[in-house]
Amino acid sequence: MSLNDKEELLKIEIFNKGYDLEDFSAYMDKQKENGGTDIDIWTYEELKQQIAQYQQIQVSKQHVEKIQQHLEGEDEQNYQKELPCVQVEFTELGSNENTIISIESFEKIETGFFSLSASYVNYKINTQPFGWVVNRRYSDFEWLREIFLKQYPGVFIPPIANKTTTRMYQDVYLIKRLRFLERFLRQCFKSPILRNDKYFQEFLKVKEEKDFKAIMKSTEKIQKTTKIDKVITVDGKINIQLNQQMNDSHKQSVQLLNNIQNIYSKLRKQSKQLQKDFEIASLDLFQMGESFAQLHSFVNQYNKSTQIGQNYQLEALIITLNNMLVLWGRSFQDQIKVIQDDFINFFKYHDIEANQMKEYVKLREQSQQEYLKYDQRLTLKKEKLFTFQEINKWELDKNILDDLRNTDQLKNKKLCMQVMLPKETQQLNDLRDTFAFYNVSIYSEIQRILMQSVKGFSDHFIRLANNQSESLTKMHVHWAEISTNLNSLENNITNEIIQGQQLLQ
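All figures in this text were calculated on a predicted structure; none of them were measured in a lab.

Cut-offs used in this document
Residues numbered from 1 in each chain as written. Predicted model: local features only at pLDDT ≥ 70, side-chain atom pairs only at ≥ 80, totals over all residues. Heavy atoms only, no water. Buried < 20%, exposed > 50% of the residue type's maximum accessible area, 1.4 Å probe, protein only. Helix = DSSP H or I, 4+ residues; strand = E, 2+ residues; numbered from the N terminus. Pairing = 2+ DSSP bridges. Core = buried A, V, L, I, M, F, W, Y, C linked by side-chain atoms within 4.5 Å. Contact = heavy atoms within 4.5 Å. Axes fitted to C-alpha atoms, helices over the stretch in contact; angles between N-to-C directions. Parallel < 35°, antiparallel > 145°, perpendicular 65-115°, else oblique. Left-handed = near helix turned anticlockwise from the far one by under 90°. Nonpolar A, V, L, I, M, F, W, Y, C, P; charged D, E, K, R; others polar. Phe/Tyr/Trp six-rings, centres within 6.5 Å; stacked < 30°, edge-to-face > 60°. Polar contact = N/O pair within 3.5 Å; in protein donor to acceptor, adjacent residues only side chain to side chain. Patch = residues over 30% accessible without salt bridge, like charges linked within 9 Å, V, L, I, M, F, W, Y side chains within 5 Å. Areas by Shrake-Rupley, 256 points an atom, 1.4 Å probe, with all protein chains shown as cover. Salt bridge = Lys/Arg side-chain N within 4 Å of Asp/Glu carboxyl O. Lys, Arg positive; Asp, Glu negative; His and termini not counted. Charge placed at Lys NZ, Arg CZ, Asp CG, Glu CD.

*Asks:* Sorry, what's going on with the pairing of strand β5 (residues 132-136) here?
*Replies:* Side-chain direction in a regular strand flips from residue to residue, so the side chains alternate between the two faces of the sheet. Burial along β5 is one-sided: W132, V134 and R136 are buried, and none of V133 and N135, which face the opposite way, are. Bridge count for strand β4 (residues 120-128) against β5 is 5 bridges, and the pairing is antiparallel. By the bridge assignment, T127 is partnered in β5 with W132. Two successive antiparallel strands, β4 and β5, enclose a turn made up of 3 residues, where G131 displays a positive phi of approximately 75 degrees.

Take a look at the structure:
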């Protein structure tokens, strides 16, 4: 081949393809002991072979540079990614944020002595504005919660009442459970993910028991979601992060949850004591009313037995004071139910919810421990393989290994430890992403629950305040009547009082 052919080859393969001419010259110079930049000392085939080898080295360099850039871009102290996942399929239920879910009543179902199934309790659930009315057993609620736990690893699933067989058929207990289960359903609906779950909709919608049992049967093979790309979110994307700011926030959140749970537990105990105090106060008032009733019997007997000196004003006074004390005791008795529903049961749920939140937060800690433990083990393994240069155990693709050799990177510890054992490294990266996923999702869920508790508490105590206002209005009327009757005694109006009132028990 002529000199022109060699020059044309260089033009096509080096110049036109954008390779650095100085770098190529430096490479060629190293290929001959006395220098290789003179084109005349190379045959056409030799030159062609050297060009191909140079190009392969450049490809290797580019590959290694990409790996190095990837390493430099991955800051463990500030790790962040957006990953694709499964987008939620919006349901009829989830599309209406004004939905109201109520458990209206319960019904004890006695199956009979010879029945193969045990007796149970049905809870009547009404979902508006859809007009769905269904009956569900406690075990159905357990099924629904278990389905949520399997499908949504990053979502906080509210608690349900514990199963207690000893008190199962006591009305007082069933009423408490009804309210607890109702709160569970309402809390689930507040989650934008859970309220769009198809099984949640069918739980509230499917009326025929055999149809609902078939749905439950169809879910038996559902496996727990463990892969990030299988996680369900509103927009089909997952933002994962690891950074010091979120670590600090997590520590503070854990401390806050501990404090919240402790305070809710204390409020439950204080509410129970308050209820006892009202019970004692109402009993004392009833007993005082009974004392006036006994006094009335003596005065009434006196007025009937004597012909002179009857004291009907005293009899009217005693009736008025009896009424005052008994009505006052009844108002305290009404407050006992208020304390049970609006304080004891309310704080019991939130106490259990806070405790459940503490367990939920442990998912982050567990994923962190799994990641760190695997990272420590793999790092030690890689350290050994690199130190002893056991390249045959690095499990590298031949091309990557050639790239490292061609670019003289086999002594680059950081690079080699990143590329060796690719399968185990990928598993480590998956564990890191799982940890980062829980890091973000648990942080987000804690913020969501805390914000919703503000509205939940506000709505709850607004209803309490309105009910108390009505109760106080009624008591105001009673106290006004007492005041009027006592004023009437001063004006010697006694017959109307005696005729218009009767002793209360």
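*Asks:* Explain the nonpolar core to me, please; I cannot follow it from the model alone.
*Replies:* Buried together is how nonpolar side chains tend to be arranged in soluble globular proteins. Membership of the largest hydrophobic core comes to 39 residues, with the highest contact counts inside it found for I238, I240, M357, W394, M420 and F437. Mapped onto this core, the elements with two or more residues apiece are β1 (78-84), β7 (237-243), α9 (312-387), α10 (398-406), α11 (413-419) and α12 (422-490). No other element matches the 9 residues that α12 contributes to this core. Residue contacts for W394: discarding those within four places in its chain leaves L385, F386, Q389, L410, C416, M420, L421 and P422. Residues I160, Y173, L178 and C188 belong to the second largest nonpolar core, which totals 37 residues.

*Asks:* What's the story with unusual backbone geometry in this structure? I'm lost.
*Replies:* Note on backbone geometry: most residues besides glycine have negative phi, and most peptide bonds are trans. Between Q128 and the following residue, P129, the backbone shows a cis peptide bond with an omega angle of 15 degrees. Looking at the secondary structure, you find P129 in the loop between β4 and β5.

*Asks:* I tried to follow the packing of helix α5 (residues 171-189) against α9 on my own but got confused; where do I start?
*Replies:* The description of two packed helices rests on the angle between their axes and on the distance between the axes. Contact geometry for α5 and α9: axes closest at 11 Å, N-to-C directions at 55 degrees. The orientation of α5 with respect to α9, classified from their angle, is oblique. Along this stretch, α5 crosses α9, giving a crossing that reads as right-handed. Each of K176, F180, R183, F184 and Q187 in α5 lies in contact with α9, whose residues at this interface are Q340, N345, F346, Y349, I352 and E353. Its residues placed into classes, the contact of α5 with α9 shows 5 nonpolar, 3 polar and 3 charged.

*Asks:* Looking at this model, I keep getting lost on the sheet that holds β5. Mind explaining?
*Replies:* Sheets are built from strands that pair by backbone hydrogen bonding, the pairs being arranged parallel or antiparallel. Here we have 3 strands laid out as an open sheet, ordered β3-β4-β5, and antiparallel in their pairing. A single partner strand is all that each edge strand has here, and the edge strands are β3 (100-109) and β5. Within this sheet the neighbouring strands show an average axis-to-axis angle of 20 degrees, counted without direction. On top of the sheet, helix α4 (residues 138-151) reaches β3, β4 and β5; it is set at about 60 degrees to β4, its chief contact.

*Asks:* Even after reading the chapter, I still don't get the packing of aromatic side chains, so can you show me in this structure?
*Replies:* Geometry of an aromatic ring pair is reported as the spacing of the ring centres plus the angle between the planes. Here the structure, examined in full by the defined rule, presents 30 aromatic pairs. Seen from their ring centres, F156 and Y360 are 5.5 Å apart, and the 65 degrees between their planes marks the pair as edge-to-face. Residue F156 is located in the loop between α4 and α5, and its partner Y360 is located in helix α9; the two are separated by 204 residues in the primary sequence. An identical accessibility class is assigned to F156 and Y360; each is buried.

*Asks:* Explain the side chain of Q241 to me, please; I cannot follow it from the model alone.
*Replies:* Within the secondary structure, Q241 is located in strand β7. Here N243 takes part through its side chain, which lies 3.1 Å from a polar atom of the side chain of Q241. In this structure, Q241 is in contact with Y79, Q80, M246, A436, N439 and V440, ignoring residues within four places of it in sequence.

*Asks:* Is there a simple way to think about a positive patch on the surface in this case?
*Replies:* Together, K176, K269, K272, K276 and K348 make up a positively charged patch on the protein surface. It is helix α8 (residues 244-305) that contributes the most residues to the positive patch, 3 residues altogether. On the secondary structure map, K176 appears in helix α5.

*Asks:* I keep staring at the pattern of salt bridges and nothing clicks. Help me out?
*Replies:* Opposite charge on two side chains lets them pair, provided their charged atoms get close. Scanning the model with the defined rule gives 20 salt bridges in all. E104 serves as the salt-bridge partner of K124, at 3.9 Å between the closest nitrogen and oxygen. Here E104 lies in strand β3 and K124 lies in strand β4, a separation of 20 residues in the sequence. Exposure remark for K124: the relative accessible area of 33% places this residue in the partly exposed category. For the salt bridge of K455 with D459, the shortest nitrogen-to-oxygen distance reads 3.1 Å. Here the residue K455 and the residue D459 both occupy positions in helix α12, the gap between them amounting to 4 residues, near one helical turn. Here the residues in one salt-bridge network are R179, E182 and R186, joined through shared partners.

*Asks:* How do you make sense of the environment of H478 when you look at a structure like this?
*Replies:* Relative to the helices and strands, H478 resides in helix α12. The class of H478 is partly exposed, set by a relative accessible area of 28%. Taking the C-alpha atoms as reference, H478 lies 19 Å from E315; in sequence the two are 163 residues apart.

*Asks:* What exactly am I supposed to notice about the pairing of β7 here?
*Replies:* In terms of burial, β7 is largely enclosed, as 5 of its 7 residues are buried. Inspection of the sheet shows β1 paired to β7 by 7 bridges, in the antiparallel sense. Note on β7: the bridge partner recorded for P84 is K237.

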